Amino acid sequence: MLIITCPHCGPRPELEFRYGGEAHIARPADPSTLTDEEWGAFLYQRANPRGLHAERWRHVAGCGRFFNALRDTQSDFFAATYPAGTPRPDTDASGVKESGR
Amino acid sequence: MADLSASRASAVASHVAAAPKVAVADLGALPPRTRFVFRGREAAITAAGPAFGVALPREACRFAEAGDRRVLWLGPDEWLLTAPEGAGAAIVADLAAALAGLPHSLVDVSHRSLGIAVSGAMAARVINNGCPLDLGLEAFPVGMATRTVFGKAEIVLVRTAEMRFEIDVWRSFADYVWRFLEEARREFA
Ligand SMILES: [Zn+2]
(Lines give C-alpha, C1' and ligand atoms only; values in the text may rest on other atoms or scores of the structure.)
Protein backbone atom coordinates (compact mmCIF):
# COMPACT_ATOMS: atom_id res chain seq x y z
CA MET A 1 0.00 0.00 0.00
CA LEU A 2 1.14 3.54 -0.74
CA ILE A 3 2.39 5.28 2.41
CA ILE A 4 1.85 9.04 2.67
CA THR A 5 3.60 11.07 5.37
CA CYS A 6 1.17 13.44 7.08
CA PRO A 7 3.02 16.50 8.45
CA HIS A 8 1.13 16.00 11.72
CA CYS A 9 0.74 12.23 12.13
CA GLY A 10 3.72 10.79 10.24
CA PRO A 11 3.68 7.92 7.74
CA ARG A 12 0.17 6.55 7.24
CA PRO A 13 -1.64 4.31 4.74
CA GLU A 14 -3.06 5.89 1.60
CA LEU A 15 -6.60 4.74 2.51
CA GLU A 16 -6.79 7.46 5.17
CA PHE A 17 -6.25 10.31 2.69
CA ARG A 18 -8.24 12.25 0.11
CA TYR A 19 -6.85 14.19 -2.81
CA GLY A 20 -7.59 17.91 -2.80
CA GLY A 21 -6.45 19.30 -6.16
CA GLU A 22 -3.55 21.53 -7.13
CA ALA A 23 -1.93 23.52 -4.31
CA HIS A 24 -0.88 27.17 -4.06
CA ILE A 25 -3.82 28.56 -6.03
CA ALA A 26 -4.66 31.87 -4.38
CA ARG A 27 -8.17 33.18 -4.65
CA PRO A 28 -8.12 36.65 -6.30
CA ALA A 29 -8.39 39.36 -3.64
CA ASP A 30 -11.10 41.24 -5.52
CA PRO A 31 -12.95 38.94 -7.96
CA SER A 32 -15.23 41.78 -9.15
CA THR A 33 -12.30 43.44 -10.96
CA LEU A 34 -11.51 40.31 -12.99
CA THR A 35 -12.57 39.61 -16.54
CA ASP A 36 -14.58 36.48 -17.21
CA GLU A 37 -11.47 34.94 -18.75
CA GLU A 38 -9.37 35.68 -15.68
CA TRP A 39 -12.05 34.30 -13.35
CA GLY A 40 -12.45 31.23 -15.51
CA ALA A 41 -8.71 30.68 -15.41
CA PHE A 42 -8.70 30.86 -11.61
CA LEU A 43 -11.53 28.37 -11.39
CA TYR A 44 -10.55 25.85 -14.02
CA GLN A 45 -7.04 26.19 -15.45
CA ARG A 46 -4.55 23.89 -13.80
CA ALA A 47 -0.90 23.14 -14.50
CA ASN A 48 -1.42 19.37 -14.96
CA PRO A 49 2.33 18.68 -15.22
CA ARG A 50 4.02 15.45 -16.19
CA GLY A 51 6.35 15.09 -13.23
CA LEU A 52 6.43 16.87 -9.89
CA HIS A 53 3.09 18.36 -8.94
CA ALA A 54 2.33 20.45 -5.84
CA GLU A 55 -1.07 19.38 -4.62
CA ARG A 56 -3.36 19.42 -1.61
CA TRP A 57 -4.20 16.32 0.37
CA ARG A 58 -6.40 15.86 3.40
CA HIS A 59 -5.73 13.31 6.12
CA VAL A 60 -9.45 12.77 6.41
CA ALA A 61 -9.40 9.54 8.46
CA GLY A 62 -6.61 10.81 10.71
CA CYS A 63 -5.98 14.32 11.98
CA GLY A 64 -8.47 15.67 9.43
CA ARG A 65 -6.11 18.45 8.28
CA PHE A 66 -5.21 19.60 4.79
CA PHE A 67 -1.54 19.67 3.84
CA ASN A 68 0.49 19.94 0.66
CA ALA A 69 2.51 17.33 -1.17
CA LEU A 70 4.99 17.20 -4.04
CA ARG A 71 4.06 14.11 -6.01
CA ASP A 72 5.47 12.79 -9.26
CA THR A 73 2.48 12.30 -11.54
CA GLN A 74 4.37 9.71 -13.59
CA SER A 75 5.53 7.42 -10.81
CA ASP A 76 3.09 8.36 -8.00
CA PHE A 77 6.21 8.95 -5.86
CA PHE A 78 5.67 11.38 -3.00
CA ALA A 79 8.83 13.53 -3.01
CA ALA A 80 7.78 15.64 -0.04
CA THR A 81 4.86 16.62 2.15
CA TYR A 82 4.65 19.98 3.94
CA PRO A 83 2.11 21.92 6.02
CA ALA A 84 -0.60 23.96 4.35
CA GLY A 85 0.34 27.63 4.18
CA THR A 86 4.05 26.98 3.72
CA PRO A 87 5.80 27.54 0.35
CA ARG A 88 6.53 24.78 -2.12
CA PRO A 89 9.92 23.21 -1.34
CA ASP A 90 12.48 24.50 -3.82
CA THR A 91 13.72 21.25 -5.25
CA ASP A 92 13.48 18.61 -7.91
CA ALA A 93 12.58 14.96 -7.40
CA SER A 94 16.16 13.78 -6.98
CA GLY A 95 17.07 16.37 -4.37
CA VAL A 96 14.24 15.74 -1.95
CA LYS A 97 14.58 13.56 1.08
CA GLU A 98 12.28 10.63 0.64
CA SER A 99 9.16 11.11 2.71
CA GLY A 100 6.94 8.42 1.34
CA ARG A 101 6.56 5.80 -1.30
CA MET B 1 -35.05 21.08 23.28
CA ALA B 2 -34.69 17.35 22.80
CA ASP B 3 -34.71 15.26 25.93
CA LEU B 4 -31.16 13.98 26.16
CA SER B 5 -31.73 12.24 29.46
CA ALA B 6 -33.53 9.32 27.80
CA SER B 7 -31.74 6.05 28.45
CA ARG B 8 -29.64 4.75 25.61
CA ALA B 9 -29.89 1.25 24.21
CA SER B 10 -26.52 -0.05 23.07
CA ALA B 11 -26.34 -0.68 19.34
CA VAL B 12 -24.34 -3.85 19.97
CA ALA B 13 -26.15 -5.27 23.02
CA SER B 14 -27.55 -8.28 21.16
CA HIS B 15 -24.10 -9.10 19.75
CA VAL B 16 -22.50 -8.88 23.19
CA ALA B 17 -24.95 -11.40 24.60
CA ALA B 18 -24.29 -13.86 21.78
CA ALA B 19 -20.51 -13.38 21.55
CA PRO B 20 -18.48 -16.56 21.98
CA LYS B 21 -15.55 -16.63 24.39
CA VAL B 22 -12.25 -16.26 22.56
CA ALA B 23 -9.47 -15.85 25.13
CA VAL B 24 -6.82 -14.56 22.70
CA ALA B 25 -9.20 -12.07 21.08
CA ASP B 26 -11.86 -11.00 23.51
CA LEU B 27 -14.56 -8.64 22.35
CA GLY B 28 -16.65 -6.45 24.64
CA ALA B 29 -18.82 -3.36 24.70
CA LEU B 30 -17.62 -0.44 26.83
CA PRO B 31 -20.03 1.38 29.14
CA PRO B 32 -21.61 4.60 27.83
CA ARG B 33 -19.36 7.66 28.14
CA THR B 34 -19.76 11.39 28.00
CA ARG B 35 -17.85 12.71 25.00
CA PHE B 36 -16.93 16.21 23.88
CA VAL B 37 -15.00 17.46 20.88
CA PHE B 38 -12.91 20.45 21.92
CA ARG B 39 -11.28 22.82 19.46
CA GLY B 40 -9.38 25.99 20.19
CA ARG B 41 -6.14 27.94 19.93
CA GLU B 42 -3.15 28.13 22.25
CA ALA B 43 -4.64 30.08 25.16
CA ALA B 44 -7.82 28.01 25.21
CA ILE B 45 -5.87 24.74 24.90
CA THR B 46 -3.72 25.61 27.91
CA ALA B 47 -6.69 26.69 30.02
CA ALA B 48 -8.87 23.70 29.09
CA GLY B 49 -6.54 21.13 30.69
CA PRO B 50 -6.84 22.19 34.34
CA ALA B 51 -10.57 22.83 33.93
CA PHE B 52 -11.18 19.31 32.61
CA GLY B 53 -8.70 17.67 34.96
CA VAL B 54 -6.36 16.29 32.28
CA ALA B 55 -3.82 18.36 30.34
CA LEU B 56 -4.49 18.19 26.59
CA PRO B 57 -1.69 16.14 24.99
CA ARG B 58 0.30 18.19 22.46
CA GLU B 59 2.07 15.21 20.90
CA ALA B 60 0.26 13.94 17.81
CA CYS B 61 -1.83 10.78 18.15
CA ARG B 62 -1.54 10.38 21.92
CA PHE B 63 -4.03 10.28 24.76
CA ALA B 64 -3.70 11.30 28.40
CA GLU B 65 -5.85 10.32 31.35
CA ALA B 66 -6.34 11.11 34.99
CA GLY B 67 -8.81 9.24 37.16
CA ASP B 68 -11.82 8.40 35.04
CA ARG B 69 -11.26 11.19 32.47
CA ARG B 70 -9.40 10.90 29.20
CA VAL B 71 -8.28 13.32 26.48
CA LEU B 72 -7.39 12.09 22.99
CA TRP B 73 -5.43 14.14 20.46
CA LEU B 74 -7.38 13.98 17.19
CA GLY B 75 -5.78 16.87 15.32
CA PRO B 76 -3.45 19.83 15.93
CA ASP B 77 -6.34 21.89 17.31
CA GLU B 78 -8.84 19.13 18.04
CA TRP B 79 -9.28 16.83 21.03
CA LEU B 80 -11.82 14.25 22.19
CA LEU B 81 -12.65 14.58 25.89
CA THR B 82 -14.32 11.60 27.55
CA ALA B 83 -15.68 11.08 31.05
CA PRO B 84 -18.18 8.77 32.78
CA GLU B 85 -21.79 9.17 31.76
CA GLY B 86 -23.52 12.01 33.58
CA ALA B 87 -20.46 14.25 33.87
CA GLY B 88 -21.47 16.39 30.88
CA ALA B 89 -23.16 19.29 32.66
CA ALA B 90 -20.27 19.75 35.09
CA ILE B 91 -17.73 19.67 32.24
CA VAL B 92 -19.62 22.31 30.28
CA ALA B 93 -19.83 24.54 33.37
CA ASP B 94 -16.16 24.08 34.31
CA LEU B 95 -14.85 24.79 30.84
CA ALA B 96 -17.19 27.73 30.30
CA ALA B 97 -15.85 29.29 33.48
CA ALA B 98 -12.19 28.63 32.69
CA LEU B 99 -12.43 29.66 29.03
CA ALA B 100 -14.55 32.80 29.38
CA GLY B 101 -13.42 35.24 26.69
CA LEU B 102 -11.26 32.66 24.89
CA PRO B 103 -12.56 31.55 21.47
CA HIS B 104 -13.12 27.80 21.41
CA SER B 105 -15.74 25.21 20.62
CA LEU B 106 -17.00 22.41 22.85
CA VAL B 107 -19.49 20.04 21.28
CA ASP B 108 -21.28 17.23 23.11
CA VAL B 109 -20.97 14.11 20.94
CA SER B 110 -21.77 11.57 23.69
CA HIS B 111 -24.50 9.83 21.73
CA ARG B 112 -22.67 9.81 18.42
CA SER B 113 -20.44 6.83 19.06
CA LEU B 114 -19.90 3.85 21.32
CA GLY B 115 -16.89 1.96 22.58
CA ILE B 116 -15.76 -1.58 21.79
CA ALA B 117 -12.79 -3.22 23.51
CA VAL B 118 -10.61 -5.82 21.79
CA SER B 119 -8.14 -7.58 24.05
CA GLY B 120 -5.92 -10.62 24.12
CA ALA B 121 -2.77 -11.86 22.45
CA MET B 122 -4.33 -11.69 18.96
CA ALA B 123 -6.09 -8.33 19.41
CA ALA B 124 -3.81 -6.47 16.98
CA ARG B 125 -4.12 -9.19 14.36
CA VAL B 126 -7.89 -9.14 14.60
CA ILE B 127 -8.01 -5.35 14.17
CA ASN B 128 -5.56 -5.51 11.28
CA ASN B 129 -8.18 -7.48 9.37
CA GLY B 130 -9.89 -4.17 8.72
CA CYS B 131 -7.34 -1.52 9.68
CA PRO B 132 -4.25 -0.84 7.53
CA LEU B 133 -2.16 0.76 10.30
CA ASP B 134 1.03 -0.85 11.56
CA LEU B 135 -0.07 -2.06 15.00
CA GLY B 136 3.36 -3.21 16.13
CA LEU B 137 4.33 -1.81 19.53
CA GLU B 138 6.98 0.44 18.01
CA ALA B 139 4.67 2.06 15.45
CA PHE B 140 1.55 2.01 17.63
CA PRO B 141 2.68 2.11 21.29
CA VAL B 142 0.54 1.98 24.41
CA GLY B 143 -0.82 5.52 24.84
CA MET B 144 -1.48 6.06 21.13
CA ALA B 145 -4.88 7.19 19.90
CA THR B 146 -5.84 8.13 16.37
CA ARG B 147 -8.66 8.34 13.91
CA THR B 148 -8.27 5.72 11.23
CA VAL B 149 -10.32 3.37 9.09
CA PHE B 150 -11.71 -0.07 9.84
CA GLY B 151 -13.16 -1.61 6.72
CA LYS B 152 -15.65 0.95 5.43
CA ALA B 153 -16.01 2.67 8.81
CA GLU B 154 -14.08 5.53 10.33
CA ILE B 155 -13.01 4.74 13.90
CA VAL B 156 -10.88 6.15 16.69
CA LEU B 157 -8.40 3.49 17.74
CA VAL B 158 -6.75 3.61 21.18
CA ARG B 159 -4.12 1.28 22.62
CA THR B 160 -4.60 1.14 26.39
CA ALA B 161 -2.26 -1.81 27.00
CA GLU B 162 0.08 -3.98 24.98
CA MET B 163 -2.73 -6.42 24.26
CA ARG B 164 -5.78 -4.20 24.64
CA PHE B 165 -7.37 -1.76 22.19
CA GLU B 166 -10.46 0.39 22.40
CA ILE B 167 -12.43 1.33 19.31
CA ASP B 168 -14.73 4.34 19.25
CA VAL B 169 -17.16 4.00 16.36
CA TRP B 170 -20.14 5.97 15.21
CA ARG B 171 -23.33 4.31 16.40
CA SER B 172 -24.67 3.57 12.92
CA PHE B 173 -21.43 1.76 12.01
CA ALA B 174 -21.20 -0.18 15.29
CA ASP B 175 -23.14 -3.21 14.07
CA TYR B 176 -20.92 -3.45 10.99
CA VAL B 177 -17.68 -3.07 12.96
CA TRP B 178 -18.72 -5.61 15.59
CA ARG B 179 -19.65 -8.21 12.97
CA PHE B 180 -16.38 -7.56 11.13
CA LEU B 181 -14.40 -8.09 14.36
CA GLU B 182 -16.43 -11.18 15.18
CA GLU B 183 -15.69 -12.62 11.75
CA ALA B 184 -12.00 -11.77 12.07
CA ARG B 185 -11.53 -13.49 15.42
CA ARG B 186 -13.27 -16.71 14.41
CA GLU B 187 -9.97 -18.21 13.31
CA PHE B 188 -8.75 -18.00 16.92
CA ALA B 189 -11.87 -19.53 18.49
ZN1 LIG C 1 -2.59 13.54 9.95
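Residues numbered from 1 in each chain as written. Chains lettered and ligands numbered in written order. Predicted model: local features only at pLDDT ≥ 70, side-chain atom pairs only at ≥ 80, totals over all residues. Heavy atoms only, no water.

To continue, consider the coordination of the zinc ion. Residue and element names in this part refer to chain A. On the protein side, the zinc ion has Cys6 (SG), Cys9 (SG), His59 (ND1) and Cys63 (SG) as donor atoms, found 2.0 to 2.4 Å from it. Its 4 donor atoms give the zinc ion angles of 104 to 118° at the centre, a pattern that matches the tetrahedral case. Donor residues for the zinc ion sit on one chain with the sequence pattern C-x2-C-x49-H-x3-C. Here Cys9, found in the loop between strand S1 (3-6) and strand S2 (10-13), pairs with Cys63, found in the loop between strand S4 (52-58) and strand S5 (66-72); they are 54 residues apart in sequence, far enough to count as distant. Each member of the pair, Cys9 as well as Cys63, is classed as buried. (Donors = N, O, S within 2.8 Å, 3.2 Å for Na, K, Ca; no water. Tetrahedral: all angles 85-135°; square planar, octahedral: opposite > 155°, others 65-115°. Helix = DSSP H or I, 4+ residues; strand = E, 2+ residues; numbered from the N terminus. Buried < 20%, exposed > 50% of the residue type's maximum accessible area, 1.4 Å probe, protein only.)

Residue and element names in this part refer to chain B. Most of strand S7 (residues 113-119) is tucked away: 6 of the 7 residues are buried. As paired strands, strand S1 (residues 26-29) and S7 are joined by 4 bridges and run antiparallel to one another. In the strand pairing of S7, Gly28 is matched with Ala117. Bridge analysis of S7 against strand S10 (residues 164-170) gives 7 bridges, and the strand direction is antiparallel. Within S10, the position partnered with Leu114 by the bridge is Val169. (Pairing = 2+ DSSP bridges.)

Another aspect to go through is the interface of chain A and chain B. Counting residues at the interface gives 13 residues for chain A and 17 residues for chain B. When the two sides are added together, the surface that chain A and chain B hide from each other amounts to roughly 990 Å², 58% of it contributed by carbon and sulfur. The three residues of chain A that bury the most area against chain B are A:Arg12, A:Ala61 and A:Arg65, which together make up 42% of that side's buried surface. Our enumeration of links across chain A and chain B arrives at 2 salt bridges. A salt bridge links B:Glu78 to A:Arg65, with the nearest nitrogen and oxygen atoms 2.4 Å apart. Split by residue class, the side of chain A that touches chain B holds 7 nonpolar, 3 polar and 3 charged. (Contact = heavy atoms within 4.5 Å. Buried area = accessible area lost by both parts, 1.4 Å probe. Salt bridge = Lys/Arg side-chain N within 4 Å of Asp/Glu carboxyl O. Nonpolar A, V, L, I, M, F, W, Y, C, P; charged D, E, K, R; others polar.)

Any functional reading would require information that these geometric values do not contain.
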